[in-house]
Amino acid sequence: MSERILTFELHPDEKLAIHGSAEGLEALANTLLRLVQRTKEGHFDHDHLMTKEWGGSELSSVPQSEDSELLNHVKIYCWKGKKFQE
């Protein structure tokens, strides 16, 4: 079984990169789908993804790119209705 990898990394040009193995990206997809389903059921919801250094196990602790800043905590929100309008 391969190691699960999932990182969010900020590059110097302020580009956010998501790196993941198949298992890591599947876990991210499942998190997103769970948030969507709960919101459809009438709940506002969010989830935290963190490295083990920050008390989690969802994100990997080793950056996959040399010139990036590893994000140790990612919070994902799923809004119900029109929270923000442009």
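In this text, all values refer to a predicted model and were calculated from it rather than measured experimentally.

### Structural notes on the pattern of salt bridges
Part 1: Considering all chains together, one arrives at 2 salt bridges under this definition.
Part 2: The residue R34 makes a salt bridge to D47 at a minimum N-O spacing of 2.8 Å. One end of the pair, R34, is in helix α1 (residues 22-40); the other, D47, is in strand β3 (residues 45-50), with 13 residues separating them in the sequence.
Part 3: The partner of D45 in a salt bridge is R38, and the shortest N-O contact between them spans 2.7 Å.
Part 4: Take D45: its relative accessible area is 15%, and that puts it in the buried class.

### Thoughts on the nonpolar core
Part 1: Formed by L6, F8, L28, L35, L49, L59, V74, I76 and C78, the largest nonpolar core amounts to 9 residues.
Part 2: Examining the composition of this core, we find that 3 residues originate from one element, strand β5 (residues 73-78), more than from any other.
Part 3: Apart from the residues lying within four places of it in its own chain, the contact partners of L6 are I18, H19, G20, G24, L25, L28, E58, L59 and S60.

Cut-offs used in this document
- Residues numbered from 1 in each chain as written.
- Predicted model: local features only at pLDDT ≥ 70, side-chain atom pairs only at ≥ 80, totals over all residues.
- Heavy atoms only, no water.
- Salt bridge = Lys/Arg side-chain N within 4 Å of Asp/Glu carboxyl O.
- Helix = DSSP H or I, 4+ residues; strand = E, 2+ residues; numbered from the N terminus.
- Buried < 20%, exposed > 50% of the residue type's maximum accessible area, 1.4 Å probe, protein only.
- Core = buried A, V, L, I, M, F, W, Y, C linked by side-chain atoms within 4.5 Å.
- Contact = heavy atoms within 4.5 Å.

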